[in-house]
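# A structural walkthrough
One letter stands for each residue in the lines below.
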Amino acid sequence: MEINLKVGVLTSGGDAPGMNAAIRAVVRAATHRNIEVIGIRRGYQGMIEGDFIKMDSACVSGIIQRGGTILQTARCMEFMAPEGRKKAYDQLNSFSINAVIVIGGDGSFTGASIMSREYDIPFIGIPGTIDNDLYGTDYTIGFDTALNTVVNAVDKIRDTASSHGRIFFVEVMGKEAGFIALQSGIACGAEGILIPEEKGQIEKLRKFLDERAKLKKSSIILVAEGEEEGGAIPIANKMKEEYPEFDIRTTILGHIQRGGTPSAVDRINASRMGVAAIEALIDDQKSIMIGIVNNEIVHVPLNKTVKLCKDVSRDMLAITDLLV
Ligand code: ATP
(Lines give C-alpha, C1' and ligand atoms only; values in the text may rest on other atoms or scores of the structure.)
Protein backbone atom coordinates (compact mmCIF):
# COMPACT_ATOMS: atom_id res chain seq x y z
CA MET A 1 0.00 0.00 0.00
CA GLU A 2 1.39 3.38 -0.96
CA ILE A 3 1.33 5.93 1.87
CA ASN A 4 0.78 9.47 0.71
CA LEU A 5 2.11 11.33 3.72
CA LYS A 6 4.62 14.12 4.19
CA VAL A 7 4.72 14.85 7.89
CA GLY A 8 5.74 18.08 9.61
CA VAL A 9 6.89 17.79 13.23
CA LEU A 10 7.26 20.64 15.71
CA THR A 11 7.76 21.33 19.40
CA SER A 12 5.72 24.16 20.90
CA GLY A 13 5.12 25.95 24.21
CA GLY A 14 7.37 25.18 27.17
CA ASP A 15 10.29 22.84 26.45
CA ALA A 16 10.42 19.55 28.30
CA PRO A 17 13.15 16.91 28.68
CA GLY A 18 12.31 13.98 26.41
CA MET A 19 11.02 16.07 23.50
CA ASN A 20 14.12 15.05 21.53
CA ALA A 21 13.36 11.38 22.14
CA ALA A 22 9.87 11.99 20.70
CA ILE A 23 11.26 13.78 17.62
CA ARG A 24 13.70 10.92 17.08
CA ALA A 25 10.93 8.32 17.34
CA VAL A 26 8.71 10.23 14.88
CA VAL A 27 11.54 10.52 12.35
CA ARG A 28 12.73 6.92 12.69
CA ALA A 29 9.24 5.37 12.63
CA ALA A 30 8.34 7.44 9.56
CA THR A 31 11.59 6.63 7.76
CA HIS A 32 10.93 2.92 8.24
CA ARG A 33 7.63 3.39 6.39
CA ASN A 34 9.20 5.57 3.65
CA ILE A 35 7.37 8.63 4.94
CA GLU A 36 9.16 11.94 4.55
CA VAL A 37 9.50 14.10 7.69
CA ILE A 38 10.03 17.85 7.73
CA GLY A 39 11.14 19.47 10.98
CA ILE A 40 9.38 22.76 11.69
CA ARG A 41 11.64 24.99 13.80
CA ARG A 42 10.37 27.23 16.64
CA GLY A 43 6.84 25.83 16.83
CA TYR A 44 3.99 27.69 15.15
CA GLN A 45 6.26 30.71 14.57
CA GLY A 46 8.41 28.57 12.29
CA MET A 47 5.31 27.17 10.61
CA ILE A 48 4.19 30.70 9.73
CA GLU A 49 7.66 31.66 8.50
CA GLY A 50 8.34 28.42 6.61
CA ASP A 51 11.35 27.61 8.81
CA PHE A 52 11.47 23.99 7.67
CA ILE A 53 14.23 21.39 7.56
CA LYS A 54 14.23 17.94 5.97
CA MET A 55 14.88 15.24 8.57
CA ASP A 56 16.26 11.74 8.21
CA SER A 57 17.37 8.95 10.53
CA ALA A 58 20.93 10.27 10.74
CA CYS A 59 19.95 13.77 11.86
CA VAL A 60 18.29 12.40 15.00
CA SER A 61 21.34 10.39 16.06
CA GLY A 62 22.73 11.14 19.51
CA ILE A 63 19.77 13.22 20.70
CA ILE A 64 17.80 10.76 22.85
CA GLN A 65 19.82 11.71 25.94
CA ARG A 66 19.67 15.46 25.37
CA GLY A 67 17.27 17.80 27.19
CA GLY A 68 15.55 20.72 25.44
CA THR A 69 14.47 20.36 21.82
CA ILE A 70 16.67 20.35 18.73
CA LEU A 71 13.78 21.93 16.80
CA GLN A 72 13.59 24.73 19.37
CA THR A 73 10.27 26.03 20.60
CA ALA A 74 8.39 29.31 20.76
CA ARG A 75 5.21 30.95 21.90
CA CYS A 76 3.54 32.52 18.86
CA MET A 77 0.78 35.12 19.22
CA GLU A 78 0.27 35.39 15.46
CA PHE A 79 -0.92 31.78 15.26
CA MET A 80 -3.80 32.64 17.59
CA ALA A 81 -5.45 34.70 14.83
CA PRO A 82 -7.04 33.18 11.68
CA GLU A 83 -4.69 35.25 9.46
CA GLY A 84 -1.66 33.70 11.16
CA ARG A 85 -3.01 30.19 10.69
CA LYS A 86 -3.75 30.95 7.01
CA LYS A 87 -0.09 31.91 6.55
CA ALA A 88 0.93 28.69 8.30
CA TYR A 89 -1.37 26.66 6.04
CA ASP A 90 0.06 28.30 2.93
CA GLN A 91 3.59 27.44 4.05
CA LEU A 92 2.62 23.79 4.70
CA ASN A 93 0.99 23.66 1.27
CA SER A 94 3.96 25.11 -0.52
CA PHE A 95 6.14 22.34 0.96
CA SER A 96 3.43 19.69 0.30
CA ILE A 97 3.27 18.88 4.02
CA ASN A 98 -0.08 17.12 4.50
CA ALA A 99 0.03 16.09 8.20
CA VAL A 100 1.48 17.64 11.35
CA ILE A 101 2.69 16.16 14.64
CA VAL A 102 2.71 18.69 17.48
CA ILE A 103 4.75 17.94 20.60
CA GLY A 104 3.55 20.35 23.30
CA GLY A 105 1.00 21.16 25.95
CA ASP A 106 -2.53 22.38 26.31
CA GLY A 107 -2.06 25.67 24.39
CA SER A 108 -0.26 23.97 21.52
CA PHE A 109 -3.08 21.43 21.22
CA THR A 110 -5.70 24.18 21.29
CA GLY A 111 -3.99 25.74 18.27
CA ALA A 112 -3.72 22.35 16.56
CA SER A 113 -7.36 21.56 17.23
CA ILE A 114 -8.52 24.90 15.80
CA MET A 115 -6.34 24.63 12.69
CA SER A 116 -7.43 21.07 11.98
CA ARG A 117 -11.04 22.28 11.97
CA GLU A 118 -10.23 25.17 9.63
CA TYR A 119 -8.09 23.21 7.15
CA ASP A 120 -8.12 19.64 5.97
CA ILE A 121 -4.83 18.70 7.62
CA PRO A 122 -4.59 15.95 10.24
CA PHE A 123 -2.90 17.07 13.47
CA ILE A 124 -1.60 14.50 15.95
CA GLY A 125 -0.57 15.70 19.42
CA ILE A 126 2.15 14.19 21.59
CA PRO A 127 1.89 15.46 25.19
CA GLY A 128 5.13 17.24 26.03
CA THR A 129 5.04 19.38 29.16
CA ILE A 130 6.68 19.06 32.57
CA ASP A 131 3.34 19.95 34.21
CA ASN A 132 1.62 16.59 33.48
CA ASP A 133 -1.66 18.53 33.32
CA LEU A 134 -3.21 17.11 30.14
CA TYR A 135 -6.52 15.32 30.25
CA GLY A 136 -6.52 11.82 28.75
CA THR A 137 -2.99 10.71 29.56
CA ASP A 138 -1.30 9.49 32.74
CA TYR A 139 2.06 10.87 31.57
CA THR A 140 3.34 13.86 29.71
CA ILE A 141 6.88 13.91 28.41
CA GLY A 142 9.20 15.74 30.80
CA PHE A 143 7.19 15.27 33.97
CA ASP A 144 9.24 12.37 35.32
CA THR A 145 12.54 14.17 34.71
CA ALA A 146 11.26 17.39 36.30
CA LEU A 147 10.04 15.41 39.29
CA ASN A 148 13.46 13.83 39.76
CA THR A 149 15.17 17.21 39.39
CA VAL A 150 12.97 18.62 42.15
CA VAL A 151 13.56 15.62 44.40
CA ASN A 152 17.35 15.91 44.00
CA ALA A 153 17.26 19.64 44.73
CA VAL A 154 14.98 19.34 47.75
CA ASP A 155 17.11 16.55 49.24
CA LYS A 156 20.01 19.01 49.18
CA ILE A 157 17.91 21.77 50.71
CA ARG A 158 16.84 19.32 53.43
CA ASP A 159 20.47 18.79 54.46
CA THR A 160 21.03 22.46 55.14
CA ALA A 161 17.52 22.94 56.55
CA SER A 162 18.05 20.23 59.17
CA SER A 163 21.56 21.44 60.04
CA HIS A 164 20.15 24.86 60.95
CA GLY A 165 16.67 23.78 62.08
CA ARG A 166 15.01 25.88 59.38
CA ILE A 167 11.69 25.85 57.61
CA PHE A 168 12.07 26.11 53.83
CA PHE A 169 9.31 27.11 51.45
CA VAL A 170 10.37 25.62 48.11
CA GLU A 171 8.53 26.81 45.02
CA VAL A 172 8.18 24.50 42.04
CA MET A 173 6.58 25.00 38.64
CA GLY A 174 2.83 24.61 38.19
CA LYS A 175 0.83 27.78 37.51
CA GLU A 176 -2.44 25.90 37.25
CA ALA A 177 -1.55 22.38 38.27
CA GLY A 178 0.00 20.83 41.36
CA PHE A 179 1.26 17.55 39.93
CA ILE A 180 4.95 18.39 40.42
CA ALA A 181 4.43 19.80 43.93
CA LEU A 182 2.24 16.93 45.08
CA GLN A 183 4.36 14.07 43.80
CA SER A 184 7.74 15.61 44.63
CA GLY A 185 6.33 16.50 48.04
CA ILE A 186 5.53 12.86 48.70
CA ALA A 187 8.92 11.74 47.37
CA CYS A 188 10.82 14.26 49.52
CA GLY A 189 8.84 13.68 52.70
CA ALA A 190 7.64 17.29 52.67
CA GLU A 191 5.89 18.53 55.79
CA GLY A 192 3.45 20.57 53.71
CA ILE A 193 2.27 20.70 50.10
CA LEU A 194 0.42 23.70 48.69
CA ILE A 195 -1.18 23.30 45.25
CA PRO A 196 -3.60 25.35 43.12
CA GLU A 197 -6.24 22.60 43.18
CA GLU A 198 -6.76 22.89 46.95
CA LYS A 199 -8.17 25.95 48.69
CA GLY A 200 -7.80 27.05 52.32
CA GLN A 201 -4.46 25.31 52.77
CA ILE A 202 -3.05 28.15 54.84
CA GLU A 203 -5.15 27.04 57.81
CA LYS A 204 -3.61 23.58 57.62
CA LEU A 205 -0.17 25.18 57.42
CA ARG A 206 -0.87 27.30 60.52
CA LYS A 207 -2.01 24.20 62.37
CA PHE A 208 1.24 22.46 61.44
CA LEU A 209 3.33 25.46 62.56
CA ASP A 210 1.35 25.71 65.82
CA GLU A 211 1.56 22.07 66.77
CA ARG A 212 4.17 20.06 64.93
CA ALA A 213 6.91 22.25 63.48
CA LYS A 214 8.60 22.74 66.88
CA LEU A 215 9.11 18.98 67.15
CA LYS A 216 10.95 18.74 63.85
CA LYS A 217 14.62 19.30 62.99
CA SER A 218 13.56 20.96 59.77
CA SER A 219 10.51 21.40 57.61
CA ILE A 220 10.06 21.54 53.85
CA ILE A 221 6.88 23.07 52.46
CA LEU A 222 6.49 22.38 48.73
CA VAL A 223 4.63 25.23 47.02
CA ALA A 224 3.31 25.16 43.45
CA GLU A 225 3.76 28.61 41.87
CA GLY A 226 0.00 28.94 41.19
CA GLU A 227 -1.13 28.15 44.74
CA GLU A 228 -3.78 30.54 46.07
CA GLU A 229 -1.48 32.81 48.13
CA GLY A 230 0.64 33.52 45.02
CA GLY A 231 3.64 31.22 45.52
CA ALA A 232 6.45 30.65 48.01
CA ILE A 233 7.55 34.26 48.60
CA PRO A 234 4.19 35.77 49.66
CA ILE A 235 3.29 32.80 51.79
CA ALA A 236 6.72 32.64 53.45
CA ASN A 237 6.55 36.39 54.18
CA LYS A 238 3.15 35.99 55.76
CA MET A 239 4.36 33.10 57.92
CA LYS A 240 7.51 35.03 58.94
CA GLU A 241 5.27 37.77 60.33
CA GLU A 242 2.98 35.37 62.11
CA TYR A 243 5.73 33.08 63.43
CA PRO A 244 8.82 35.21 64.16
CA GLU A 245 10.18 32.38 66.34
CA PHE A 246 10.90 30.23 63.26
CA ASP A 247 13.87 30.60 60.90
CA ILE A 248 11.98 30.64 57.59
CA ARG A 249 13.73 30.61 54.20
CA THR A 250 12.55 30.49 50.59
CA THR A 251 13.96 28.79 47.49
CA ILE A 252 12.51 29.08 43.99
CA LEU A 253 13.73 26.19 41.86
CA GLY A 254 12.74 27.88 38.58
CA HIS A 255 14.01 26.80 35.18
CA ILE A 256 16.33 24.02 36.35
CA GLN A 257 13.10 22.00 36.39
CA ARG A 258 12.87 22.21 32.59
CA GLY A 259 16.41 21.16 31.76
CA GLY A 260 18.70 18.19 32.06
CA THR A 261 19.08 14.69 30.77
CA PRO A 262 15.68 13.04 30.34
CA SER A 263 14.94 10.13 32.67
CA ALA A 264 14.57 6.59 31.32
CA VAL A 265 10.81 6.82 31.86
CA ASP A 266 10.56 9.99 29.76
CA ARG A 267 12.72 8.54 26.98
CA ILE A 268 10.66 5.35 26.83
CA ASN A 269 7.28 7.11 26.90
CA ALA A 270 8.44 9.66 24.32
CA SER A 271 9.68 6.88 22.04
CA ARG A 272 6.41 4.95 22.34
CA MET A 273 4.29 8.03 21.70
CA GLY A 274 6.41 9.16 18.73
CA VAL A 275 5.98 5.80 17.01
CA ALA A 276 2.26 5.75 17.87
CA ALA A 277 1.81 9.19 16.27
CA ILE A 278 3.14 7.93 12.93
CA GLU A 279 1.02 4.77 13.18
CA ALA A 280 -2.04 6.92 13.88
CA LEU A 281 -1.44 8.95 10.73
CA ILE A 282 -1.03 5.78 8.67
CA ASP A 283 -4.37 4.62 10.14
CA ASP A 284 -5.92 7.86 8.86
CA GLN A 285 -6.49 9.36 12.31
CA LYS A 286 -7.09 13.09 12.52
CA SER A 287 -7.03 15.56 15.36
CA ILE A 288 -6.11 13.26 18.22
CA MET A 289 -3.60 13.23 21.06
CA ILE A 290 -1.55 10.15 21.75
CA GLY A 291 -1.67 9.33 25.45
CA ILE A 292 -0.59 6.61 27.84
CA VAL A 293 -3.19 5.25 30.25
CA ASN A 294 -2.41 2.28 32.48
CA ASN A 295 0.79 1.87 30.49
CA GLU A 296 -1.11 1.40 27.20
CA ILE A 297 -1.13 3.77 24.26
CA VAL A 298 -4.49 5.52 23.81
CA HIS A 299 -5.97 8.01 21.32
CA VAL A 300 -7.87 10.99 22.73
CA PRO A 301 -9.71 13.56 20.56
CA LEU A 302 -7.70 16.81 20.66
CA ASN A 303 -10.79 18.91 21.37
CA LYS A 304 -11.53 16.72 24.39
CA THR A 305 -8.05 17.01 25.87
CA VAL A 306 -8.11 20.81 25.57
CA LYS A 307 -11.64 21.19 26.98
CA LEU A 308 -11.38 18.85 29.95
CA CYS A 309 -9.16 19.23 33.00
CA LYS A 310 -7.09 16.53 34.61
CA ASP A 311 -7.27 16.52 38.39
CA VAL A 312 -4.39 15.57 40.66
CA SER A 313 -4.71 12.13 42.22
CA ARG A 314 -7.06 12.48 45.19
CA ASP A 315 -5.62 9.23 46.59
CA MET A 316 -2.14 10.75 46.65
CA LEU A 317 -3.46 13.94 48.18
CA ALA A 318 -5.25 11.99 50.89
CA ILE A 319 -2.11 10.18 52.06
CA THR A 320 -0.01 13.33 52.43
CA ASP A 321 -1.59 14.15 55.82
CA LEU A 322 -0.69 10.69 57.10
CA LEU A 323 2.96 10.98 56.14
CA VAL A 324 3.94 14.07 58.15
P1 ATP B 1 3.18 24.42 28.37
O2 ATP B 1 2.08 23.61 29.04
O3 ATP B 1 4.51 23.81 28.58
O4 ATP B 1 3.13 25.89 28.70
P5 ATP B 1 1.66 24.89 25.99
O6 ATP B 1 1.59 24.17 24.71
O7 ATP B 1 0.42 24.91 26.83
O8 ATP B 1 2.91 24.31 26.79
P9 ATP B 1 1.31 27.71 25.36
O10 ATP B 1 2.29 28.83 25.45
O11 ATP B 1 0.05 27.81 26.13
O12 ATP B 1 2.15 26.40 25.73
O13 ATP B 1 0.91 27.51 23.82
C14 ATP B 1 1.91 27.35 22.82
C15 ATP B 1 1.45 28.02 21.56
O16 ATP B 1 0.23 27.41 21.09
C17 ATP B 1 1.10 29.51 21.67
O18 ATP B 1 2.25 30.32 21.66
C19 ATP B 1 0.25 29.70 20.43
O20 ATP B 1 1.06 29.81 19.29
C21 ATP B 1 -0.53 28.37 20.36
N22 ATP B 1 -1.84 28.56 20.99
C23 ATP B 1 -2.13 28.59 22.30
N24 ATP B 1 -3.44 28.85 22.51
C25 ATP B 1 -3.99 29.01 21.27
C26 ATP B 1 -5.29 29.33 20.80
N27 ATP B 1 -6.32 29.53 21.64
N28 ATP B 1 -5.48 29.43 19.46
C29 ATP B 1 -4.47 29.22 18.61
N30 ATP B 1 -3.21 28.94 19.00
C31 ATP B 1 -2.96 28.83 20.30
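Just above, that's the structure.
Okay, so let's go over this structure. Nothing here was measured: the structure is a model prediction, and the numbers come from that model. (Residues numbered from 1 in each chain as written. Predicted model: local features only at pLDDT ≥ 70, side-chain atom pairs only at ≥ 80, totals over all residues. Heavy atoms only, no water.)

### Some details on the pattern of salt bridges
According to the stated counting rule, one finds 20 salt bridges in the structure shown. The shortest N-O distance in the salt bridge between Asp 51 and Arg 41 comes to 2.9 Å. In this pair, Asp 51 is assigned in the loop between α2 (43–49) and β3 (52–55) and Arg 41 in the loop between β2 (36–40) and α2, connecting sequence segments ten residues apart. Residue classification places Arg 41 among the partly exposed positions, given a relative accessible area of 29%. (Salt bridge = Lys/Arg side-chain N within 4 Å of Asp/Glu carboxyl O. Helix = DSSP H or I, 4+ residues; strand = E, 2+ residues; numbered from the N terminus. Buried < 20%, exposed > 50% of the residue type's maximum accessible area, 1.4 Å probe, protein only.)

### Topic: the site of the ligand
Around the ligand there are 17 residues in total, and Arg 75, Cys 76, Gly 105, Gly 107 and Ser 108 lie nearest to it. Here an oxygen atom of the ligand and a side-chain polar atom of Arg 75 are 2.5 Å apart. Interatomic distance of 2.6 Å between a backbone N/O atom of Cys 76 and an oxygen atom of the ligand. Per-element accounting of the shell around the ligand gives the leading share, six residues, to helix α4 (residues 106–118). Looking at the shell around the ligand residue by residue, the class counts come to five nonpolar, nine polar and three charged. (Near = heavy atom within 4 Å. Polar contact = N/O pair within 3.5 Å; in protein donor to acceptor, adjacent residues only side chain to side chain. Nonpolar A, V, L, I, M, F, W, Y, C, P; charged D, E, K, R; others polar.)

### What to know about the nonpolar core
Counting residues in each nonpolar core, the largest one holds 64 residues, and the members touching the most others are Ile 101, Ile 220 and Ile 278. For this core, the element with the highest residue contribution is helix α5 (residues 143–164), accounting for nine residues. Shared between two domains, this core takes at least three residues from each, and those domains are domain 1 (6–142 + 262–307) and domain 2 (144–259). Leu 10, Ile 40, Ile 48 and Ile 121 belong to the second-largest nonpolar core, a separate cluster that totals 24 residues. (Core = buried A, V, L, I, M, F, W, Y, C linked by side-chain atoms within 4.5 Å. Domains from an automatic or database assignment.)

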